[in-house]
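# Commentary on secondary and tertiary structure
The primary structure of each chain is shown beneath.
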Amino acid sequence: RCQVAMNRDSKLADTQRQKHDDEDKASAGMAFEVKLEHVNEELRCQVAMNVDSKLADIQRQQQHDEDMASAAMAFDMKLQDVTDQLRCRVAINVDSKLADIQRQQHDDEEKASVAKAFDAKMEGVNEELRCQVAMNVDSKLADIQRQKHDDE
């Protein structure tokens, strides 16, 4: 009887130790699961924050790209406007220069015409002067010959 009771007590003690070990293991398992759940939650938070940060970066980059595209478009429009203004100014300057050249050509033609008329007039005057000089020479020669004849 004693032996059976000791065996039974030993078995109970073993069972209690096993039960205690099982409870410790269960408790450790639960603690591990709680800790794991906490780690998982932290990881989820970090992942969510990283995703939010990346999305914000992407949105900032998209806004920057849109701003740059808008600025480039505005620059192109301004450049086109300046180009149009320059074309206009060049056309006006070319027209002005052509008009100046045409006026100068007209002035040159008038001057040439006046010079030609002056030359023609001078030719007539020169011819008259030659005739007068010739007549004066002839008259002087005749005077000299008469004087010479008179002296003889």
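Before any of the text, the structure's been laid out above.
The notes below deal with the structure included here. (Residues numbered from 1 in each chain as written. Predicted model: local features only at pLDDT ≥ 70, side-chain atom pairs only at ≥ 80, totals over all residues. Heavy atoms only, no water.)

## Observations concerning the overall build of the protein
Helices and strands together make up the secondary structure of the protein, namely one helix and zero strands. If one aligns the C-alpha atoms of the protein with their principal axes, the spans along those axes are about 215 × 30 × 10 Å. Scored against the burial criterion, the 152 residues of the protein give a buried share of 0%. Across the protein, the mean location of the 22 positive side-chain charges is 10 Å away from that of the 33 negative side-chain charges. (Helix = DSSP H or I, 4+ residues; strand = E, 2+ residues; numbered from the N terminus. Buried < 20%, exposed > 50% of the residue type's maximum accessible area, 1.4 Å probe, protein only. Lys, Arg positive; Asp, Glu negative; His and termini not counted. Charge placed at Lys NZ, Arg CZ, Asp CG, Glu CD.)

## Description of the pattern of salt bridges
Once the charged atoms of two side chains with opposite charge are near each other, the side chains can pair. Applying the stated criterion across every chain, the model contains eight salt bridges. Where Arg44 meets Glu37, a salt bridge forms, and the shortest distance between an N and an O atom there is 3.8 Å. With a relative accessible area of 46%, Arg44 lands in the partly exposed category. Overall, the relative accessible area of 43% leaves Glu37 in the partly exposed class. A cluster of three or more residues bridged by salt bridges with shared partners is formed by Glu37, Glu41 and Arg44. (Salt bridge = Lys/Arg side-chain N within 4 Å of Asp/Glu carboxyl O.)

## Side note on a negative patch on the surface
Among the surface-exposed residues, Asp21, Asp22, Glu23 and Asp24 lie close enough to one another that they form a single negatively charged patch. The class for Asp21 is partly exposed, based on a relative accessible area of 38%. (Patch = residues over 30% accessible without salt bridge, like charges linked within 9 Å, V, L, I, M, F, W, Y side chains within 5 Å. Areas by Shrake-Rupley, 256 points an atom, 1.4 Å probe, with all protein chains shown as cover.)

## Some words on a nonpolar patch on the surface
Together, Val47, Val51, Leu55 and Ile58 line one region of the surface with nonpolar side chains, adding up to about 340 Å² of accessible area. For Val47, the location among the structural elements is in helix 1 (residues 2-151).

## Comments concerning the environment of Ala72
Assignment of secondary structure puts Ala72 in helix 1. Ala72 gets classed as partly exposed once you look at its relative accessible area, which sits at 38%. Ala72 sits 66 residues away from Asp138 along the chain, and the two C-alpha atoms are 95 Å apart.

## A short note on the environment of Leu43
Within the element layout of this structure, Leu43 appears in helix 1. By relative accessible area, which is 44% here, Leu43 ends up partly exposed. Sequence separation of Leu43 and Leu86 is 43 residues, and the distance between their C-alpha atoms is 63 Å.

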